[in-house]
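Examination of the molecular architecture
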Amino acid sequence: KVLAILHKDAIFGEMALISELPRMATVTALEDVSLLVISRKVINEVSSQFPSVKQTIHKLYRMRLLENLMSTSPIFEPLDPDAKRQLIRKFQVRRLPPRMRILEEGQTADGLYIVLDGKIEVSVKHGGKRKVVAHLEAGGIFGEISLLDRKAVSASIKTAKKTTVFRLPRKSFTEVASAFPTVLSHVQSLAAQRLSENRQEIASQPSASDASRLLLY
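The following refers to the structure shown. Keep in mind that what you see is a predicted model, and the values were worked out from it rather than measured.

1. Here's the deal with the sheet that holds strand E6 (residues 141-142)
Read from one edge of the open sheet, four strands run E1-E8-E3-E6, paired in antiparallel fashion. If you trace the sheet from one side to the other, it starts and ends with strand E1 (92-96) and E6, each paired once. Pairing analysis gives six bridges linking strand E3 (residues 111-117) to strand E8 (residues 163-169), with the strands arranged antiparallel. Across the sheet, the residue bridging to Tyr113 is Arg167, located in E8. Against the sheet, helix H6 (residues 170-179) contacts E3 and E8, and its axis sits at roughly 65° relative to E8.

Structural data, given as structure tokens:
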């Protein structure tokens, strides 16, 4: 799937540079092009002398994350460009450090979260210890079941590494659900799918204590 067409003065490579993760997309020249390539080493040296360079690269990085999300996420894909811009303003971008707890088991979700980059760990209390039951990466969504059902989450969610999330506060979620029916429809479908998967997982558990637990997050 083509995510974007880049023209003169466009910049690319900043996402892998900042996240230090493998590239998530392939860039192909459609015709003869001339490129200016700046190595990671040079970027780091220049950024240490001129902090504004680092700030600009991070801004480009966040913009590219949002552009990719709007192009690939089922939440945004059906919307026209104007509706996407309206919806994007409702969200908050949060850059989180490793092992930061976002939602605590027994807490009501404070918003809808979409993972932009990094990795999220989902865990539950099990036999006096914490058991990791799932991981969410770029494009992953959580908090929707708690928002829709107004119930507490039954799993704790924290970052497994440096992670960027897109957060739609609870109050804004209600506004979005009213203004963008297609977004609400997708979130409801996602919640139903996750509940179905959780029920199937529970049914396969031999332990009675596990079989009584439905994961809501």
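2. A closer look at unusual backbone geometry
Where the residue is not glycine, phi is negative for most of them; where a peptide bond is considered, it is trans in most cases. Of note, Asp9 is a non-glycine position whose phi angle comes to about 75°, a positive value. Positive phi is not limited to glycine here, since Arg99 has a value of about 65°. Along the chain, the position of Arg99 falls in the loop between E1 and strand E2 (101-103). Residue class for Arg99 comes out exposed when judged on its relative accessible area of 57%.

3. A word on the pairing of strand E7 (residues 156-159)
Residue alternation in E7 divides its side chains into two sets, Ser156 and Lys158 and Ile157 and Thr159, and both sets are buried. Two strands pair when backbone bridges link them, and E2 and E7 are joined in this way by two bridges, in the antiparallel orientation. Residue pairing across strands places Arg101 opposite Lys158, the latter belonging to E7. Bridge analysis of strand E4 (residues 120-126) against E7 gives four bridges, and the strand direction is antiparallel. In the strand pairing of E7, Val122 is matched with Ile157.

4. Observations concerning the sheet that holds E4
Taking strand neighbours across the sheet as the criterion, the four strands line up as E2-E7-E4-E5 in an open arrangement whose pairing is antiparallel. The sheet is open, and its two edges are formed by E2 and strand E5 (129-136), each paired on a single side. Averaged over all neighbouring strand pairs, the angle between strand axes comes to 35°, with direction disregarded.

5. Re the side chain of Asp117
Tracing the backbone shows Asp117 in strand E3. Of note is the side chain of Asp117, whose polar atom sits 2.8 Å from the side chain of Thr164.

6. Thoughts on the side chain of Glu121
Locating Glu121 in the fold gives a position in strand E4. Overall, the relative accessible area of 14% leaves Glu121 in the buried class. Setting aside its immediate chain neighbours within four residues, Glu121 contacts Val132, Ala134, His135, Ser156, Ile157, Lys158 and Ala160.

7. A look at the pattern of salt bridges
Here the structure, examined in full by the defined rule, presents seven salt bridges. With its nearest N and O atoms 3.9 Å apart, the salt bridge here joins Arg85 to Asp82. Of this pair, Arg85 and Asp82 are both found in helix H4 (residues 81-88), three residues apart, which corresponds to roughly one turn of the helix. Judged by relative accessible area, which is 41%, Asp82 ranks as partly exposed. Between Lys90 and Glu175 there is a salt bridge, and its shortest N-O distance comes to 3.2 Å. With Lys90 in the loop between H4 and E1 and Glu175 in helix H6, this residue pair connects regions lying 85 residues apart in the sequence. The exposure class of Lys90 is partly exposed, given its relative accessible area of 31%.

So, how was this worked out
- Residues numbered from 1 in each chain as written.
- Predicted model: local features only at pLDDT ≥ 70, side-chain atom pairs only at ≥ 80, totals over all residues.
- Heavy atoms only, no water.
- Pairing = 2+ DSSP bridges.
- Helix = DSSP H or I, 4+ residues; strand = E, 2+ residues; numbered from the N terminus.
- Contact = heavy atoms within 4.5 Å.
- Axes fitted to C-alpha atoms, helices over the stretch in contact; angles between N-to-C directions.
- Buried < 20%, exposed > 50% of the residue type's maximum accessible area, 1.4 Å probe, protein only.
- Polar contact = N/O pair within 3.5 Å; in protein donor to acceptor, adjacent residues only side chain to side chain.
- Salt bridge = Lys/Arg side-chain N within 4 Å of Asp/Glu carboxyl O.

Honestly, it's all geometry; don't read function into it.
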